[in-house]
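Each chain is listed here by its residues.
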Amino acid sequence: MISRCYLEITNICNLDCVFCPKTDRLKRRLTDEEFDLLTDKLRGQIQFLYFHLMGEPFLHPSLPKFIQIAREKGFVPVLTTNGTRLSDAREVIEALPHKIQISLHSHEGNAKEHPEQYINDVMAFAKEAASKGIIIVLRLWNQGGYDRANEYLLDLMAQAQPRPWVPRYDGWKLAPNLYIEFDRMFEWPDSNHAEYADENVFCYALRNQMGVLVDGSVVPCCLDHAGELVLGNLFEQSVDDILSSPRAKAIYDGFTRHAAVEQLCRRCGYAVVTKKYRN
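Reading the values: rules and limits
Residues numbered from 1 in each chain as written. Predicted model: local features only at pLDDT ≥ 70, side-chain atom pairs only at ≥ 80, totals over all residues. Heavy atoms only, no water. Helix = DSSP H or I, 4+ residues; strand = E, 2+ residues; numbered from the N terminus. Rg over C-alpha atoms; globule rule 2.2 N^0.38 Å. Contact = heavy atoms within 4.5 Å. Areas by Shrake-Rupley, 256 points an atom, 1.4 Å probe, with all protein chains shown as cover. Lys, Arg positive; Asp, Glu negative; His and termini not counted. Charge placed at Lys NZ, Arg CZ, Asp CG, Glu CD. Core = buried A, V, L, I, M, F, W, Y, C linked by side-chain atoms within 4.5 Å. Buried < 20%, exposed > 50% of the residue type's maximum accessible area, 1.4 Å probe, protein only. Polar contact = N/O pair within 3.5 Å; in protein donor to acceptor, adjacent residues only side chain to side chain. Salt bridge = Lys/Arg side-chain N within 4 Å of Asp/Glu carboxyl O. Pairing = 2+ DSSP bridges.

### Section: the overall build of the chain
- Helix and strand counts for the chain come out as nine helices and eleven strands.
- By the compact-globule yardstick of 19 Å for 279 residues, the chain fits well, its C-alpha radius of gyration being 19 Å.
- For the chain, the C-alpha atoms occupy an extent of roughly 55 × 45 × 30 Å along the three principal directions.
- Expressed as a percentage of contacts within the chain between residues at least 6 apart in sequence, the contacts between residues at least 24 apart total 67%.
- Approximately 13,400 Å² of the chain is accessible, and the part contributed by carbon and sulfur atoms is 49%.
- Taken as two groups, the 32 positive and 37 negative side-chain charges of the chain have centres that lie 4 Å from each other.

Encoded structure:
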């Protein structure tokens, strides 16, 4: 079983983050019928179901329904959001996803000023969701990049959830089920980027993760935002058939040998950051 699948329920976003690579793919969102079909095909193959690859999942009107369907089918549903659509998202809390990750760095990444109302909305949502047993992770994945406002954001959060907070290896625990997480910025894979010099490469693509784009295309990981490494289409094929395809097997076997067989993988900055800062 693959641990996690990034199922892109929409590739539409309401922000224009400077650190996001964007996508030129046709803008669309999954219909209810398509979501039901794709999750039927993923059932028994995946544990954690992430509701994004590109796009803002809170823009999808069926998000609460999708969470409930995923739970009924045995998935562990996880959301990642920019946090701008939380003030009217009570139905999402009632659907009880396992975890919601809120990317606070998107605020400065859009050159927005005066984050007070944004943080107020985030913290009100986060505290209510955490009280229901939902794990809330407030992300500041901007170290070494767009992080000038971090201290001010932390002070605003402390107004809603007073310090002291409990230190953790990657941030703080603010309260039960409520966390702040720090990480460094990384470069998204880019086929126009020069290849990285390190030839000893390993990635968990197709070992513990895969992605499904909004048109059903299956890609090896959550960073293939453009759909460059399409392995098949889940609307037309089974998971087993796609993962046993020659291209998928070559990617998997390559990383087993600590080699990246695809050009895009040899141009993935995340692998460099992972090796340098997390191993």
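### Examining the nonpolar core
- Membership of the largest hydrophobic core comes to 66 residues, with the highest contact counts inside it found for Phe51, Ile102, Ile136, Leu138 and Met157.
- Broken down by element, this core gets its largest block of residues, eight residues, from helix H5 (residues 116-131).
- Setting aside chain neighbours within four positions, we find isoleucine 102 in contact with Thr81, Asn82, Gly83, Leu86, Tyr118, Val122, Phe125, Ile136, Val137, Leu138 and Arg139.
- Of all hydrophobic cores here, the second largest spans twelve residues; its members include Leu53, Val78, Ala205 and Cys221.

### Digging into the environment of aspartate 155
- Tracing the chain through its elements places aspartate 155 in helix H6 (residues 150-160).
- A relative accessible area of 37% places aspartate 155 in the partly exposed class.
- Each C-alpha atom, one on aspartate 155 and one on glutamate 34, is 43 Å from the other, the two residues being 121 residues apart in sequence.
- At a separation of 3.4 Å, a polar atom in the side chain of aspartate 155 contacts the side chain of arginine 163.

### Focus: the pattern of salt bridges
- Enumeration according to the criterion identifies twelve salt bridges in this entry.
- The partner of aspartate 32 in a salt bridge is lysine 65, with the nearest N and O atoms 2.6 Å apart. Separated by 33 residues along the polypeptide, aspartate 32 in helix H1 (residues 32-42) and lysine 65 in helix H2 (residues 63-72) bring together distant segments of the chain.

### Thoughts on the environment of tyrosine 252
- Within the secondary structure layout, tyrosine 252 lies in helix H8 (residues 246-256).
- Sequence-wise, tyrosine 252 and phenylalanine 235 are 17 residues apart; in three dimensions their C-alpha atoms are separated by 23 Å.
- Beyond its immediate chain neighbours, meaning those up to four positions away, tyrosine 252 contacts Leu206 and Arg207.

### Here we look at the environment of tryptophan 141
- Along the chain, tryptophan 141 falls in strand E5 (residues 135-143).
- Of note is the side chain of tryptophan 141, whose polar atom sits 2.8 Å from the side chain of glutamate 181.

### Comments concerning the pairing of E5
- Looking at chain direction, strand E4 (residues 99-103) and E5 are connected through five bridges and run parallel. Residue isoleucine 100 lies in a different strand from E5, and its bridge partner there is isoleucine 136.
- When E5 meets strand E8 (residues 178-184), the two strands line up parallel, connected through six bridges. In the strand pairing of E8, leucine 138 is matched with isoleucine 180.

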